[in-house]
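Each chain is listed here by its residues.
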Amino acid sequence: MKSAVETLNPTRVRLTVEVPFEELKDSLDAAYKKINQQVTVKGFRKGKIPARVIDQRFGRGAVLEEAVNDALPKFYTEAVNEAELNVLGQPEVDITELKDNELLSFTAEVDIRPTIEIPDYSGIEVEVDAVEVTDEDIDKAVEQLRERFASTSPVERAAEDGDVVTIDLEAKVDGEVLEDGVAEGVSYTIGSGELLDGIDDAVKGLETGGEATFTSELKGGSAAGREAEVTVKVTQVAARELPELDDEFAQLASEFDTLEELKADSRTRLENTKQYDQATQAQERVLEKLLELVEVPVPEKLLEDEINTRKHNLEHHQLGQMGLTLDKYLEIQGKSAEEFDTETREAAVKGIKTQFVLDELVKQEKLNVNQEELTEHLMRRAASSGMSPDQFAQAVVEGGQVPLLVGEVARGKALALVVEAATVKDTNGEVVDLDDEDEDEATAEATETAEAAEAAAEDKPEA
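Predicted model only: the values in this text are computed from it and were never measured. Residue numbers here run from 1 along each chain, matching the order of that chain's written sequence. Thresholds applied to this predicted model are a pLDDT of at least 70 for local features of residues and 80 or more for the giving and counting of side-chain atom pairs; totals over whole chains, interfaces and linings are not thresholded and use all residues. For the side-chain quantities, the full set of heavy atoms in the structure was used; hydrogens and water were omitted.

**Quick look at the overall build of the chain**
Part 1 of the argument: Each helix and strand in the chain was counted, giving 14 helices and 11 strands.
Part 2 of the argument: Compactness check: the chain gives a C-alpha radius of gyration of 32 Å against a globular reference of 23 Å for 463 residues, more than 25% above the reference.
Part 3 of the argument: Over its C-alpha atoms, taken along the principal directions, the chain stretches across nearly 100 × 65 × 45 Å.
Part 4 of the argument: Expressed as a percentage of the 463 residues in the chain, the buried residues total 37%.
Part 5 of the argument: Throughout, a contact is declared for two residues whenever any of their heavy atoms are within 4.5 Å. In the chain, once contacts between residues fewer than 6 apart in sequence are set aside, the share between residues at least 24 apart is 70%.
Part 6 of the argument: Both charge centroids of the chain, one from 48 positive and one from 107 negative side chains, sit 11 Å from each other. Going along the chain from the N terminus, every DSSP run of H or I of four or more residues is numbered as a helix, and every run of E of two or more is numbered as a strand. All radius of gyration figures rest on C-alpha atoms, and the globule criterion is 2.2 Å times the number of residues raised to 0.38. When a residue's accessible area, from a 1.4 Å probe over protein chains only, is under 20% of the maximum for its type it is buried; when over 50% it is exposed; and in between it is partly exposed. Under the counting rule used here, the positive set is Lys and Arg, the negative set is Asp and Glu, and His together with the chain ends is not counted. To locate a charge, take atom NZ for lysine, CZ for arginine, CG for aspartate or CD for glutamate.

Here's what the structure looks like:
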């Protein structure tokens, strides 16, 4: 076999392959054997029909077609390996010449990973939010905890903001009650915004037994996105009573004996959360700076496939589960179809560039992933998927996804390496020392950041 490579552009090549006919012998034998099992010829046992009879009865062309179909993947793979190409996706193959007993020639056009030069990234500088926890932040956190321990008691008066009402609901569209538009005994806190638009104004001022009708756009169910006439009946009004902010509350709501200890713990928790957010912000901004430094050509076919995949997942999975169409979602988001297409394309480009650059860094820095790192990543992915680690691991293995997980961890390690070399300052001008982070935690955070960038700001629908 002889092969040659022609570079069509930085991300696409054309392979030209010539195969002497003697190298097709195994595929020809396999073709005769396969046809033998599929046909019957009077006077011959099944599977024992001579090659010359098959040629006479079914045509040599049918045999050659079967043999070429069998041989092409093997010779294509050999040509790719010989040229040391890192191919992407499936090739477009064209048989240019087929001479019986002489020669098979074909071309294969395929996308390849572009050659990327990673420049010195040690000079990257980024600014992140400072970690500042105010007394107001602590008061807000304690107040949220206090809300969780609120009690309710029925009252004989009109409903007010903050009250908890028990209500029955009935929704009509075009005068017809929806099958899934009736609910009884629903508990709702007035002012929480957790139900339908307009419900707060409807129930405020109603006493037990009171009823009101209002118009609202349904957020879910069979008529999601449509205007409905909703009737609400209040069956109970209850006032919420918050516990006193004292040591007794601290003992009720936590493992601490005093309110001051509870507040000190809240401060520590808030600081840890903001430090985590600061580290994630640093990783995101360092990655953006890195991508600005590197010239990354993007294969057009790969880009179009990625765009189509993102649109399909959004429209048929995420929005489908919410009972929304893409048009309705765009209306809710206040976006035009053109704006959506532009954002999706930009997101896909960023995702592809991120993967190419970080993969090149993995190769350049000779980064490896050990079993412990892979297991920890698998545990995190399992938790986020809602599956047990064993179930997730089984699904990964059965789906042949282990190399994908390895790649995710490796890219996370590459990003962590760049962040470590960068200069990170907060908005107060202070240098942020991310080295204080546990190395495994830093890698885990960087892995999540890299995954998010590869998902690249994909539109996430909100209820």
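**Observations concerning helix α11 (residues 371–385)**
Part 1 of the argument: An expected span of 1.5 Å times one less than the residue number is assigned to each helix. Taking 1.5 Å per residue as the helical rise, α11 with its 15 residues ought to reach 21 Å, and the 21 Å between its terminal C-alpha atoms agrees with that figure.
Part 2 of the argument: Think of a polar contact as two N or O atoms within 3.5 Å of one another; within protein, one of them needs to be a possible hydrogen donor and the other a possible acceptor, and neighboring residues in sequence only count if both atoms come from side chains. Two or three places before E372, at the opening of α11, N370 has a side-chain oxygen 3.1 Å from that residue's backbone nitrogen.
Part 3 of the argument: Directly beyond the C-terminal end of α11, a positive phi value near 80° is found at G386.

**What about the sheet that holds strand β4 (residues 103–112)?**
Part 1 of the argument: At least two DSSP bridges between two strands are required for those strands to pair. Taking strand neighbours across the sheet as the criterion, the 4 strands line up as β1-β2-β4-β3 in an open arrangement whose pairing is antiparallel. This sheet does not close on itself; its edge strands, each paired only once, are β1 (2–9) and β3 (87–99). Strand-to-strand twist in this sheet, taken as the mean axis angle between neighbours without regard to direction, amounts to 20°.
Part 2 of the argument: Strand direction decides the pairing type here: β3 and β4, joined by 9 bridges, are antiparallel. What sits directly across from L88, in β4, is D111. Only C-alpha atoms enter the line fits that serve as axes; for helices the fit covers just the stretch in contact. Angles between N-to-C directions range over 0 to 180 degrees.

**A closer look at the UniProt feature "domain: PPIase FKBP-type" (unreviewed entry) in the chain**
Part 1 of the argument: UniProt annotation of "domain: PPIase FKBP-type" (unreviewed entry) refers to residues 162–215 when read in the numbering used here.
Part 2 of the argument: Annotated as residues 162–215, this span is 9% helix and 54% strand, and its ends, taken at the C-alpha atoms, are 22 Å apart. UniProt positions are given in the numbering used here, feature names are shortened, and annotations may be inferred rather than shown by experiment.

**Description of the nonpolar core**
Part 1 of the argument: Grouped together as the largest cluster of nonpolar side chains are 39 residues, with contacts concentrated most on I124, L290, L358 and L361.
Part 2 of the argument: The greatest single-element share of this core, amounting to 7 residues, is contributed by helix α10 (residues 337–364).
Part 3 of the argument: Ignoring any residue separated from it by four or fewer positions in sequence, one finds L290 in contact with Y121, I124, V357, L358, L361 and V418. Buried Ala, Val, Leu, Ile, Met, Phe, Trp, Tyr and Cys residues form a nonpolar core when they are joined through side-chain atoms within 4.5 Å.

**Section: the side chain of H377**
Part 1 of the argument: Position of H377 among the secondary structure elements: in helix α11.
Part 2 of the argument: Given a relative accessible area of 2%, H377 falls into the buried group.
Part 3 of the argument: Setting aside anything within four residues of it in sequence, one finds H377 in contact with L405, E408, V409, T447 and E451.

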